[in-house]
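Chain by chain, the residues run as shown.
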Amino acid sequence: MAVTGNLSPQWLEEQYRIWKATPEQLSDDWQAFFEGFDLAHQAPTVDRDLAAKASAVDSLIYRYRDLGHLVACTDPLSPCKQDHPLLNLAVFGLDEGDLERTFYPLRYPQQSATLREILDLLRETYCSTIGVEFMHIQDPDQRQWLKDRMETVRNRPQLNEPDRLDILRTLQKATLFEAFLHKKFLGQKRFSLEGGEAMIPLLECLVVHATSLGVTDVVMGMAHRGRLNVLANIFQKPLENIFAEFKDNLELAFVGDGDVKYHKGSSVDRKIDGNGSIHLSLAANPSHLEAVDPVVIGKCRARHIGYGPGGRKRVLPLLVHGDAAFAGQGVIAEVLNLSQVDGYQSGGTFHLVLNNQIGFTTEPAHARSTLYATDVAKMLMIPVFHVNGEDPEAVVHATQLALEYRQQFARDVVVEVICYRRYGHNEGDEPAFTQPLMYERIRQRPPLHEIYAERLIKDGVDPSQIKALEQETADTLELALEAEPVNQRDVGFQAKWAKVQREYTPDQPKTAVDAERLRTLTDKMTSPPATFHVHPKIAKLLERRREAVSEGFGIDWGNAEALAFATLLTEQVPVRLSGQDCRRGTFNHRHAALVDQENAQLYFPLAFLEKGQAPIQVYNSILSEVAVLGFEYGYSMETPEGLNIWEAQFGDFANGAQVIIDQFISGSGTKWDRSSGLVMFLPHGYEGQGPEHSSARIERYLSLCAEHNMQVAQPSSPAQLFHLLRRQVKVPWRRPLIIFTPKSLLRLPACTSTLDELADGRFANILQGPGDAAEIQRLLLCTGKVYYDLLAAKQDAKRDDIGLVRIEQLYPLDSNLLQETIAAYPKAKEFAWVQEEPANMGAWPHLRPQLRDLLDKEPHYIGRKAAATTAVGSHRRHQQEQQELIEKALGTKD
């Protein structure tokens, strides 16, 4: 009840007169106030019992809206619940004698109704085959929007006969497709949709209705169950191609090693009668059930940014989950948490939970601690629709309502279809081993299309018409089985990827930038508006950066990185950097966003370089690795023209996203013909900070390297980083780039570059240290920070006989260049690999056989002994180990 100013008696009296004459002119709050006032004013002449019962009816209505889902008939395998103690009339002080009494409930679709009529409406709306959880939503407008749309139609769709026949047709296609595969390819895994066939009319309804609401792109992620059915009946993948995959026809083998048929992605432009067309994209994914979720969200975010204003209504993320996975996988909560976070919003995701009521062989009681599989989604205060999977009309209605809610409020929405799995986890399983009673009930259930056909026949539909539809589907399947596969290469190098080269080539494009250009950009980056109040320490940092570029030396890591970004942005290359604390930088070196010290306003220097530049995005992410890295991977798949970077807070923490690295980043090219230019910044270096803040696990990334699937580098100077980042978007191909970035080197005076090194040259895969190569007798090969430790020790000891070689790109290793470099030291007789990491870690396990081949003998290893953990916890012990390592490298200690 919003009120401004003084409430004079005259004003209140005027409002009261308005309420008596035309109550609808006043807000709901004032209407309720005057209703209560009248009741109180008329007492004792008004029946006090009636007033109490009127209040009880309002409470009853609220309770049904809040808890009606608890008695909704949503489980096709269980008898419907008849009542719930909290919904009993007696709880509210009501009884059957009140059923014919007329009441005037607040915020109800009708001005007056008998209690019997009110109960009928509430039970039909909230306790039929749709149960809705929505009263936890704190926004009253959203709650009212949902009530208005549910109670006025009692949560039932308004369908004509053609609509109902369309539903039947999709059910027939879904079921007969599965039965055909079972008959023709007996024993082959297909992860059948049978028992959950309602998903197909749901998706068909979603696609058609989304088109009418202005959606132009649907990006979908789902696991393996029902995937082939979706490909056939929603994505219209040629049936003959699906059957050819079951026959394992080699002529359908595409680029790389490929993947099983129920992991593959697809895309199609579908024509929708009367509404134009819509682009559908199904992301490829591994067996790791929910790992694809953040990938889909990232893809959608990139698309809707690309569309500009209004893009969020055009692009719809659609995720299909299983019940056990939705409740059990932590990535679900992380992805939900991205929903309303700046920089990661995607306009609301449509979550379809296909609840088979079992996870492999695990029953719900052992799969979750919550009542519903979907309870985690209520963290977002969004509606959750629980629908009986054997009522396809209810499924369609919930889908339409959920989609409209998403379009209206730009928030996630959940539709849970409660169904069952007719067979085991796969067609080779016997589910009765572990769930005999459940599967006895399932065996007694006829297929859904037959149940729905009987319903239509009872409503007057001609049975011969239904039979004709079924025969049409059966004939289509038989004809496709005999047909030749369609030449439909579902490859990733189409549309915006068409100009990207699929094959890797060892290119070294021009990455240098004119010195004067670098000075100009530096001046702009280090000159915030005069009215902006910069922190004094940041002001000094900006001044040092400007002086370094102006004077031509002393350019540190943060300065070179900013220049790499700036030059790309002014060359129309969009840049996106995301990660925990990445705006400032974990180690206080970046400061991509400046904060006004008087009003906390943000200023992004990289956004104000010149008119018409490409956009810069720098976002501090949620405290997640798997969801954010998956998101950025998905984003990069939609933006091959851009530089997309994910930064780990410490490189060690990236293992929280190992599934994304293993299943997507390293293998997507050979499995699915999908590439990515994503860059990963992984802070790495041994400085005595213990096991969890030292190593980014170089060995793990190198163990994933083969067939030029990605790049792994450890640049050791700011200029090297500058050229490497620019090279990433200048080469004609795209591969993920793993960069092990420094920590202590960020401020090491020796680790700086000159302006000439940025204005000339390019990224060097291998760098030689100072000294006369002709006089070197002991050659030390290394990568990263340890080079500076070795250099300082060599110079202190005046050891001109020791040479240093840095391998900057660890994969693909430039073997020819390395061999030429080694050959440049004709007197060298001793060769050693030096690293900070233990012997079973770092680059040594990967490089050892390659160095052996190049040297024609076993190279000497200098470093920490093999260990179960990356580093020691004691700083003193670390220093002792480091000193011992350096002494061994110089040959002063055995």
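Residues numbered from 1 in each chain as written. Predicted model: local features only at pLDDT ≥ 70, side-chain atom pairs only at ≥ 80, totals over all residues. Heavy atoms only, no water.

Chemist: Explain the overall build of the chain to me, please; I cannot follow it from the model alone.
Modeler: When helices and strands are counted, the chain shows 31 helices and 24 strands. Dimensions of the chain, computed from the C-alpha atoms along their principal axes, are close to 110 × 80 × 50 Å. Burial statistics for the chain: of 894 residues in total, 56% are counted as buried. The long-range share in the chain, meaning contacts at least 24 apart out of those at least 6 apart in sequence, stands at 79%. Accessible surface, the chain as shown: approximately 37400 Å² in total, 50% of it carbon and sulfur. One finds the centroid of the 96 positive side-chain charges in the chain at a distance of 4 Å from the centroid of its 118 negative side-chain charges. (Helix = DSSP H or I, 4+ residues; strand = E, 2+ residues; numbered from the N terminus. Buried < 20%, exposed > 50% of the residue type's maximum accessible area, 1.4 Å probe, protein only. Contact = heavy atoms within 4.5 Å. Areas by Shrake-Rupley, 256 points an atom, 1.4 Å probe, with all protein chains shown as cover. Lys, Arg positive; Asp, Glu negative; His and termini not counted. Charge placed at Lys NZ, Arg CZ, Asp CG, Glu CD.)

Chemist: Just checking my understanding: could you explain helix α30 (residues 844-855) for this structure?
Modeler: Taken as a whole, α30 has its buried residues at W844, H846, L847, L851, L854 and L855. Each buried residue of α30 lies within a common arc of 135 degrees when the element is viewed along its axis, so the set occupies one face. Looking one or two residues beyond α30, the residue adopting positive phi is D856, at roughly 65 degrees. (Arc of directions from axis to C-beta.)

Chemist: Explain the packing of helix α6 (residues 161-184) against helix α17 (residues 448-458) here, please?
Modeler: A pair of packed helices is characterised by two quantities: the angle between their axes and the separation of those axes. Following both chains from N to C, one finds α6 and α17 inclined at 155 degrees, their axes separated by 9 Å at the closest point. On the basis of their axis angle, the class for α6 and α17 is roughly antiparallel. Crossing hand, α6 versus α17: left-handed. Touching R164, L165, I167, L168, L171, Q172 and T175 of α6 are L448, H449, Y452, A453, R455 and L456, all from α17. When grouped by side-chain class, the residues that make up the contact of α6 with α17 number eight nonpolar, three polar and two charged. (Axes fitted to C-alpha atoms, helices over the stretch in contact; angles between N-to-C directions. Parallel < 35°, antiparallel > 145°, perpendicular 65-115°, else oblique. Left-handed = near helix turned anticlockwise from the far one by under 90°. Nonpolar A, V, L, I, M, F, W, Y, C, P; charged D, E, K, R; others polar.)

Chemist: Hey, could you run me through the packing of aromatic side chains in this one?
Modeler: Given two aromatic rings, one states the distance between the centres and the angle between the planes to describe the pair. Counted according to the given criterion, the structure contains 23 aromatic pairs. These aromatic residues form a ring-pair network of at least three members: F180, F185, F243 and F246. For the cation-ring pair, R576 lies above Y344, with the distance from its terminal atom to the ring centre recorded as 5.3 Å. The ring of Y787 is capped by R806, whose NZ or CZ atom sits 3.8 Å from the centre of that ring. (Phe/Tyr/Trp six-rings, centres within 6.5 Å; stacked < 30°, edge-to-face > 60°. Lys NZ or Arg CZ within 6 Å of the ring centre and 35° of its normal.)

Chemist: Explain the confidence of the model for the chain here, please?
Modeler: As a note on interpretation, predicted positions should not be read in detail where pLDDT is low. In this model, the chain carries an average pLDDT of 93, and 96% of its residues clear a pLDDT of 70 or more. Throughout residues 1-5 the model reports pLDDT below 50, and contacts reaching past four residues in sequence, or to other chains, amount to five contacts. (pLDDT = per-residue confidence, 0-100.)

Chemist: Help me understand the pattern of salt bridges in this model?
Modeler: Any two side chains of opposite charge can pair, given that their charged atoms come close. Tallied over the full model, the rule gives 46 salt bridges. Members of the salt-bridge network, linked through shared partners, are R156, R164, D391, E393, R455 and D459. (Salt bridge = Lys/Arg side-chain N within 4 Å of Asp/Glu carboxyl O.)

Chemist: Would you take a moment to explain the side chain of T741 for this structure?
Modeler: Tracing the sequence through the fold places T741 in strand β18 (residues 737-741). In this structure T741 touches W557, F681, L682, P683 and H684, once residues within four positions along its chain are discounted.

Chemist: It is not clear to me how the nonpolar core should be interpreted in this structure. Could you clarify?
Modeler: Note on soluble globular proteins: their nonpolar side chains tend to be buried together. F243, F350 and F385 are the most contacted members of the largest nonpolar core, which has 107 residues in total. A per-element tally of this core places α6 first, with nine residues. Setting aside residues up to four positions removed in sequence, F385 forms contacts with I130, G131, V132, L146, M150, A398, L401, A402, V413, V414, V415 and E416. Of all hydrophobic cores here, the second largest spans 70 residues; its members include L319, A654, M680 and L847. (Core = buried A, V, L, I, M, F, W, Y, C linked by side-chain atoms within 4.5 Å.)

Chemist: When you look at the sheet that holds strand β17 (residues 711-713) in this model, what are you seeing that I'm missing?
Modeler: Strand pairing within a sheet occurs via backbone hydrogen bonds; the two strands may be parallel or antiparallel. Ordered by their spatial adjacency, seven strands build an open sheet running β14-β11-β15-β16-β18-β17-β22, and the pairing between neighbours is mixed. With one partner strand each, in any of the chains shown, β14 (616-620) and β22 (809-811) form the two edges of the open sheet. Here the average twist between neighbouring strands, direction ignored, is 20 degrees. Note: β17 against β18, three bridges, orientation parallel. Bridging across to β18, V712 finds its partner in I738. (Pairing = 2+ DSSP bridges.)

Chemist: What's the story with the sheet that holds strand β19 (residues 766-768) in this structure? I'm lost.
Modeler: Sheet architecture is open: five strands sit in the order β19-β21-β20-β23-β24, paired in mixed fashion. The sheet terminates laterally at β19 and β24 (860-864), the two strands that pair on one side only. Mean inter-strand twist for the sheet, computed between neighbouring axes without regard to direction, equals 25 degrees. When strand β23 (residues 830-838) meets β24, the two strands line up parallel, connected through four bridges. Bridged to P838 within β24 is R864. On the sheet, α30 packs against β20 (778-782), β21 (802-807), β23 and β24 and is oriented at approximately 175 degrees with respect to β23. Contacting β20, β21, β23 and β24, helix α31 (residues 875-890) runs over the sheet at an angle of about 165 degrees to β24.

Chemist: Please explain helix α18 (residues 463-482) as it appears in this structure.
Modeler: Side chains that are three or four residues apart share a direction in an α-helix, a result of its 3.6 residues per turn. With 20 residues, α18 ought to run about 28 Å at 1.5 Å a step, and its terminal C-alpha atoms sit 30 Å apart, in line with that. Of the residues making up α18, those classed as buried are I466, L469, T473, L477, A480 and L481. Down the axis of α18, the sector holding all buried residues measures 120 degrees, keeping them to one side. Away from the buried face of α18 by more than 90 degrees, exposed residues K467, L479 and E482 are located. (Expected span 1.5 Å × (residues − 1).)

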